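Secondary and tertiary structure notes
The residues making up each chain are set out below.
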Amino acid sequence: MIVHCPDCKRPLIEFDQGSGNYHCSNPSCNFQYLEMITGKEHRKSREVEEMDNIPSSNSLDKKPKRILVGLAIENSLLNIGHSIFDKVTSKLREEYNANVFDCLENPQYLKQIMKANFDKKVQEVMYKSIKTILGEFAYYDSIRQFLDELNNKN
Ligand SMILES: [Zn+2]
């Protein structure tokens, strides 16, 4: 099914299949996402738009997103279980000298650890939870790229 953006008329993308949340991929469009089930339309607020337009160095811009992604990972792991949280965070440290806040730039770290240590079911629950938390921030390119990478089966 193809749904078009009510503002810019581009086809919307269903972020997580089956979620019913459709995003506009046009970065200059003010439309954010549509909840298909309720018909609720979300648009970027002026404030967000202005914040995004402030010229800033790449690292300044990245920092809050790294934290956002890190917290989403932490939260999702803790929801599944403390032992899984402990395992993933210690593997990140041992194998990559990294923590959850490094995963925005290095989604492969998380994927490799999940793949090597947990069955498909756990991985799916984990990724679904991360996508649910980060879905509403997917209008940020860096977060959308991170989520795309999680979806990528390689
Ligand atoms: Zn649009």
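A few points on the structure. (Residues numbered from 1 in each chain as written. Predicted model: local features only at pLDDT ≥ 70, side-chain atom pairs only at ≥ 80, totals over all residues. Heavy atoms only, no water.)

**What to know about the overall build of the protein**
Put simply, the rule reads: Counting from the N terminus, the helices are the DSSP runs of H or I reaching at least four residues and the strands are the DSSP runs of E reaching at least two. Note on classification: 1.4 Å probe, protein chains only; a residue is buried when its accessible area is under 20% of the maximum for its type, exposed when over 50%, partly exposed between these limits. Reported accessibility uses the Shrake-Rupley method at a 1.4 Å probe radius. Residues are deemed covered only where the shown protein chains occlude them.
Looking only at helices and strands, one finds six helices and four strands in the protein. Its helices and strands in sequence order give the protein the pattern β-β-β-β-α-α-α-α-α-α, from N to C terminus. When each of the 154 residues of the protein is scored for burial, the buried share is 39%. For the protein, the exposed surface amounts to about 9100 Å²; the carbon and sulfur share of it is 50%.

**A few points about the pattern of salt bridges**
We count it as follows: The term salt bridge refers to a side-chain nitrogen of Lys or Arg lying within 4 Å of a carboxyl oxygen of Asp or Glu.
By the definition in use, this model includes six salt bridges. We note a salt bridge from Glu 41 to Arg 43, for which the minimum N-O separation is 3.0 Å. Looking at Glu 41, the relative accessible area reads 39%, which means it is partly exposed. Across the salt bridge formed by Glu 105 and Arg 66, the nearest N and O atoms sit 3.1 Å from each other. Highlighted residues: Glu 105 in the loop between α3 (82-96) and α4 (107-117) and Arg 66 in helix α2 (residues 58-80), separated in sequence by 39 residues. Residues joined in a network through salt bridges with shared partners are Asp 7, Glu 41 and Arg 43.

**Remarks on the coordination of the zinc ion**
Note the threshold: Note that water is not among the atoms considered, so a metal site may appear incomplete; the donors listed are N, O and S atoms within 2.8 Å of the metal, with 3.2 Å applied to Na, K and Ca. Any site counts as irregular unless it has four donors with all angles between 85 and 135 degrees, making it tetrahedral, or four or six donors with opposite ones more than 155 degrees apart and the rest between 65 and 115, making it square planar or octahedral.
For the zinc ion, the full set of protein donor atoms is Cys 5 (SG), Cys 8 (SG), Cys 24 (SG) and Cys 29 (SG), at a range of 2.2 to 2.4 Å. For the zinc ion, the four donor atoms in the first shell make angles of 101 to 113 degrees at the metal, so the coordination geometry reads as tetrahedral. Within one chain, the residues serving as donors to the zinc ion are arranged as C-x2-C-x15-C-x4-C. Under the relative-accessibility criterion, Cys 8 is labelled partly exposed at 25%.

**Here's the deal with the pairing of strand β3 (residues 31-35)**
Every other side chain in a regular strand lies on the same face of the sheet, so the side chains alternate between the two faces. In plain terms, the rule: When DSSP locates at least two bridges between a pair of strands, those strands are taken to pair.
Most of β3 is tucked away: four of the five residues are buried. Bridge analysis of β3 against strand β4 (residues 40-43) gives four bridges, and the strand direction is antiparallel. Across the sheet, the residue bridging to Phe 31 is Arg 43, located in β4.

**Some words on the packing of α4 against helix α5 (residues 120-134)**
Which entries qualify depends on this criterion: Between the N-to-C directions of two axes lies an angle of 0 to 180 degrees, each axis being a line fitted to C-alpha atoms and, for a helix, fitted only over the stretch in contact. Reported orientations rely on four angle classes, namely roughly parallel under 35 degrees, roughly antiparallel over 145, roughly perpendicular from 65 to 115, and oblique for the rest. Left-handed describes a crossing in which the near helix is turned anticlockwise from the far one by less than a right angle; the clockwise case is right-handed. Whether two residues touch is decided by their heavy atoms; if any such pair falls within 4.5 Å, the residues are in contact.
Close contact between α4 and α5 brings their axes to 9 Å; oriented N to C, the two are set at 150 degrees. The orientation of α4 with respect to α5, classified from their angle, is roughly antiparallel. When you trace α4 past α5, the crossing you get is right-handed. On α5, the residues touching Leu 110, Lys 111, Met 114 and Lys 115 of α4 are Val 122, Gln 123, Met 126, Tyr 127 and Ile 130.

**Focus on the packing of α3 against α4**
Running from amino to carboxyl end, α3 crosses α4 at an angle of 115 degrees, the nearest separation of the two axes being 10 Å. Handedness of the α3/α4 crossing: right-handed. Packed against α3, whose contacting residues are Lys 87, Val 88, Lys 91, Leu 92, Glu 95 and Tyr 96, the element α4 presents Tyr 109, Leu 110, Gln 112, Ile 113, Met 114 and Asn 117 at the interface.

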